[in-house]
Amino acid sequence: MHNTSAVERVQVVVVGAGIAGLNAARLLAGKYSVNVLEARDRVGGRLQNHYFANGDSVDVGGQWVGPGQKRMYRLIEALGATTWPLYDTGDNQLHLAGKLRRYRGTIPRVNPVALADLGLVMARFEAMAKSLDPSAPWQCKNAARWDAMTLDSWLQKHCYTSLARELFAIGIGAVFAAEPREISLLHALFYARSGNSLETLLAVTGGAQQDRVHGGTAGLCDIMARQLGERLRLNTPVDGIEQLADGSLQVRHASGLVQCDRVIMAVPPNQALRIRFEPALPAWRDMLLQRMPAGSCIKCIARYDKPFWREDGLSGQVASPAGPVRVTFDNSEQGKSSGLLMGFLEGDVARHYSRVGPEQRREAVLDCFARYFGEAARNPQEYVDKDWSSEAWTRGCYAALMAPGTWTGGGQRLREANGQIHWAGTEFAVEWFGYMEGALESAERAAAEVDGALQQAARAHSRESAVACGG
Ligand SMILES: Cc1cc2nc3c(=O)[nH]c(=O)nc-3n(C[C@H](O)[C@H](O)[C@H](O)COP(=O)(O)OP(=O)(O)OC[C@H]3O[C@@H](n4cnc5c(N)ncnc54)[C@H](O)[C@@H]3O)c2cc1C
């Protein structure tokens, strides 16, 4: 690697200032010297605020927190932030065969055969998910069989009506930003269990879509960044990590080198693969990261002068097998007069609309909003969308997926450190994998590993010093 005079020395380098990297740094900063190196000109990674022309802001990345995400609620409180519940009042709508039907709850009223089919397949899925331990999904009795098939192959076998399959796929799209054929059945079951249950992941009130954070989730990252002060470097992409002969690690970034004892990698798996390690990462680690592709999602938001759909008794929540926007929510900010409708383009649809121009995408999305909420929805005051697959330092979302054969063919070692390199980020979580809560959990684990290792090294050092002094 290059020699440069700008070599700094700290105990810990954290690569990536998403919510995981920031949390890991925050947990270690009181005790050790820490640098956080972030590629972008902002913190937050998959969390970002968009500012409308009228000054209002909205999350264009991750936004919801819900019951069971105890670390997130603790962090929100500790940083002096507050939450409010997503608007979940009135009727939801199912857009099916060109018609809109109103319903309440997570399961729409459709023909009784499809409804029974959907109910049975959901119950079966939940029971299977419950049978596994999220800290070791590969150890469950059926792990090999479930990891040998996709969620789609399983659905083809156990879901008898095409309508139930379509409705299930809407839920899967909303939860994974992927098609059922892309995901290992074992991973789908693990993911649901990791966040309690599929029902929890799908629900608004009482579920993963319950609460929003005032000031946006990116606001939490901004506060953590301020607390870290000069330890945080923006516009500092890391491109190499080298093991030195004296036992230190040398991290190469855009404007120099940092030597340290430990590194916490807090970047998405696909980004870790773009960094050059010397010596190279073990083959199993590289192969594992290669087999964790990200989902595909474009988050689309239209701003109106008011949430006009509420006057018609509508919640703003729509499910539509035809799409292209297959789910929508009332994303209006508490205390603001504007009405915000938000919809996701996911999986195949996201990949298609990532290729077309922004005008065509906007038209397709607003066309959907108009179909679901009437012509008034066609002409918002402002429209914004965010294609996370086009973001250089993310390249897909909400999170990485496990393809068949991954959990049982190397996934067992996912959270293991590679020497002095530790792994954090939502993809390395046991609980709430894929969510902000998972990112916090992974950071706690990685920070504890680093703390343990540095304490052990300090003890060994003081023993050696005592011996050298004849003590
Ligand atoms: C549209 C969308 C909706 C979502 N909805 C929700 C939701 O409602 N609730 C929820 O809990 N979660 C949601 N998520 C998921 C959530 O955003 C993520 O789980 C979480 O933000 C991941 O945090 P992280 O720190 O693990 O990774 P990231 O946020 O990806 O952070 C990684 C950081 O590393 C940086 N980086 C990458 N490469 C390098 C490099 N070489 N050198 C230096 N820095 C680098 C990146 O710039 C980034 O800042 C959503 C995500 C998206 C995109």
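Just so it is clear, the model here is predicted, and its values are computed rather than measured.

**Q** Explain the overall build of the protein chain residue by residue, including any values.
**A** Looking only at helices and strands, the protein chain has 14 helices and 21 strands in total. Taken against the 2.2 N^0.38 rule, which gives 23 Å for 471 residues, the C-alpha radius of gyration of the protein chain at 23 Å falls within 12% of a compact globule. Seen through its principal axes, the protein chain has C-alpha atoms that stretch 85 × 55 × 40 Å. Within the protein chain, the proportion of its 471 residues that are buried is 49%.

**Q** Requested: an account of the site of the ligand, with residues and values cited.
**A** Of all residues adjacent to the ligand, which total 40 residues, the nearest are Gly16, Gly18, Gly45, Gly62 and Cys397. Those elements that provide at least two residues to the shell around the ligand are α1 (19-28), β16 (297-304) and α14 (436-468). For the shell around the ligand, the residue count by class is 23 nonpolar, twelve polar and five charged. Both domain 1 (7-46 + 216-281 + 418-466) and domain 2 (48-61 + 83-105 + 295-393) contribute no fewer than three residues apiece to the shell around the ligand.

**Q** Any details on the sheet that holds strand β18 (residues 327-330)? Residues and values, ideally.
**A** With mixed pairing, the seven strands of this open sheet are ordered in space as β8-β7-β17-β18-β19-β16-β20. A strand with exactly one partner marks an edge of an open sheet, and here the two such strands are β8 (99-103) and β20 (382-387). Within the sheet, the average angular offset between the axes of one strand and its neighbour, ignoring direction, is 20°. Bridge count between strand β7 (residues 91-96) and strand β17 (residues 314-319): three bridges; the pairing is parallel. Following the sheet pairing, Asp91 is matched in β17 by Leu314. Relative to strand β19 (residues 339-346), helix α12 (residues 347-355) is tilted by about 100°, and along the sheet it contacts β16, β19 and β20.

**Q** Any details on the sheet that holds strand β1 (residues 7-9)? Residues and values, ideally.
**A** Taken in spatial order, the five strands of this open sheet run β1-β13-β12-β11-β15, and their pairing is mixed. Single-partner strands in this sheet number two, and they are β1 and β15 (276-278). Geometrically, the sheet is characterised by an average inter-axis angle of 20° between neighbouring strands, direction not taken into account.

**Q** An account of the domain arrangement of the protein chain is needed here, citing residue identities and associated values.
**A** Once the domains are mapped, the protein chain shows domain 1 (7-46 + 216-281 + 418-466) and domain 2 (48-61 + 83-105 + 295-393). Once you take the C-alpha centre of each, domain 1 and domain 2 turn out to be 35 Å apart. On the domain 2 side, the residues contacting the nine residues of domain 1 number six residues. Grouping the constituent residues of the side of domain 1 that touches domain 2 by class yields two nonpolar, five polar and two charged.

**Q** Requested: an account of unusual backbone geometry, with residues and values cited.
**A** In this chain, Glu278 is followed by Pro279 through a cis amide linkage whose omega measures -5°. Topologically, Pro279 is positioned in the loop between β15 and α11 (283-290). Note that the residue after Cys397, namely Tyr398, is joined by a cis bond; omega there is 0°. Within the secondary structure, Tyr398 is located in the loop between β20 and β21 (421-423). For Asn196, which is not a glycine, the phi torsion comes out positive at approximately 90°. Looking at the secondary structure, you find Asn196 in the loop between α7 (185-194) and α8 (198-202).

**Q** Tell me about the nonpolar core, and please be specific about residues and values.
**A** Counting residues in hydrophobic clusters, the biggest one holds 138 residues, and the most contacted among them are Val14, Val15, Ala24, Ile264, Ala266 and Ala424. It is helix α6 (residues 162-176) that contributes the most residues to this core, eight residues altogether. Looking at which domains feed residues into this core, each of domain 1 (7-46 + 216-281 + 418-466) and domain 2 (48-61 + 83-105 + 295-393) gives three or more. Each residue touching Ala24, except ones within four places of it in the same chain, is listed here: Val14, Ile264, Ala266, Ala424, Ala443, Ala446 and Ala447.

**Q** Explain the environment of Thr328 to me, using residue names and the numbers behind them.
**A** In this fold, Thr328 is placed in strand β18. For Thr328, a count of 28 C-beta atoms within 10 Å gives the class buried. If we skip the residues at most four places from it in the chain, Thr328 touches Gly316, Gln317, Val318, Leu341, Met342, Gly343 and Tyr372.

**Q** Go over the packing of α1 against helix α9 (residues 217-228), please, and point to the residues and values.
**A** A pair of packed helices can be characterised by two numbers: the angle between their axes and the separation between those axes. Running from amino to carboxyl end, α1 crosses α9 at an angle of 35°, the nearest separation of the two axes being 10 Å. For the pair α1 and α9, the sense of crossing is left-handed. Judged by residue contacts, Ile19, Leu22, Ala25 and Arg26 of α1 engage Cys221, Met224, Ala225, Gln227 and Leu228 from α9. Of the residues belonging to the contact of α1 with α9, the class tally is seven nonpolar, one polar and one charged.

**Q** Break down the pairing of strand β2 (residues 12-15) for me, citing the residues and quoting the values.
**A** Side chains Val12 and Val14 project from β2 onto one buried face, and the interleaved Val13 and Val15 project onto a second face that is buried too. As paired elements, β2 and strand β3 (residues 34-37) share four bridges and run parallel to each other. What sits directly across from Val13, in β3, is Asn35. For the crossover that starts at β2, traverses α1 and ends in the parallel β3, the hand is right-handed.

**Q** So what about the packing of helix α3 (residues 112-130) against α7? Which residues, and what values?
**A** Between α3 and α7, whose axes approach to 8 Å, the crossing angle comes to 80°. The angle between α3 and α7 places the two elements in the roughly perpendicular class. Taking contact as the criterion, the partners of Met128, Ala129 and Lys130 in α3 are, on α7, Leu189, Ala192 and Arg193. When the residues that make up the contact of α3 with α7 are grouped by side-chain class, the tally is four nonpolar, no polar and two charged.

**Q** Describe the environment of Gly343, listing the residues and the values that go with them.
**A** For Gly343, the position within the fold is in strand β19. By the C-beta count within 10 Å, which is 27 here, Gly343 ends up buried. Separated by 309 residues in sequence, Gly343 and Val34 have C-alpha atoms that sit 39 Å apart.

**Q** Can you tell me about the pairing of β7, naming the residues and giving the values?
**A** Pairing geometry for β7 and β8, over five bridges, is antiparallel. Looking at β8, one finds that Asn92 is bridged to Tyr103. Hairpin remark: β7 followed by β8, antiparallel, with two residues in the connecting loop; positive phi at Ala97, about 50°.

Thresholds applied
- Residues numbered from 1 in each chain as written.
- Predicted model: local features only at pLDDT ≥ 70, side-chain atom pairs only at ≥ 80, totals over all residues.
- Helix = DSSP H or I, 4+ residues; strand = E, 2+ residues; numbered from the N terminus.
- Rg over C-alpha atoms; globule rule 2.2 N^0.38 Å.
- Buried ≥ 20, exposed ≤ 12 C-beta atoms within 10 Å, placed from the backbone.
- Near = placed C-beta within 6 Å.
- Nonpolar A, V, L, I, M, F, W, Y, C, P; charged D, E, K, R; others polar.
- Domains from an automatic or database assignment.
- Pairing = 2+ DSSP bridges.
- Axes fitted to C-alpha atoms, helices over the stretch in contact; angles between N-to-C directions.
- Contact = placed C-beta atoms within 7 Å.
- Core = buried A, V, L, I, M, F, W, Y, C linked by C-beta atoms within 7 Å.
- Left-handed = near helix turned anticlockwise from the far one by under 90°.
- Right-handed = clockwise from strand over helix to strand, strands pointing away.
- Parallel < 35°, antiparallel > 145°, perpendicular 65-115°, else oblique.

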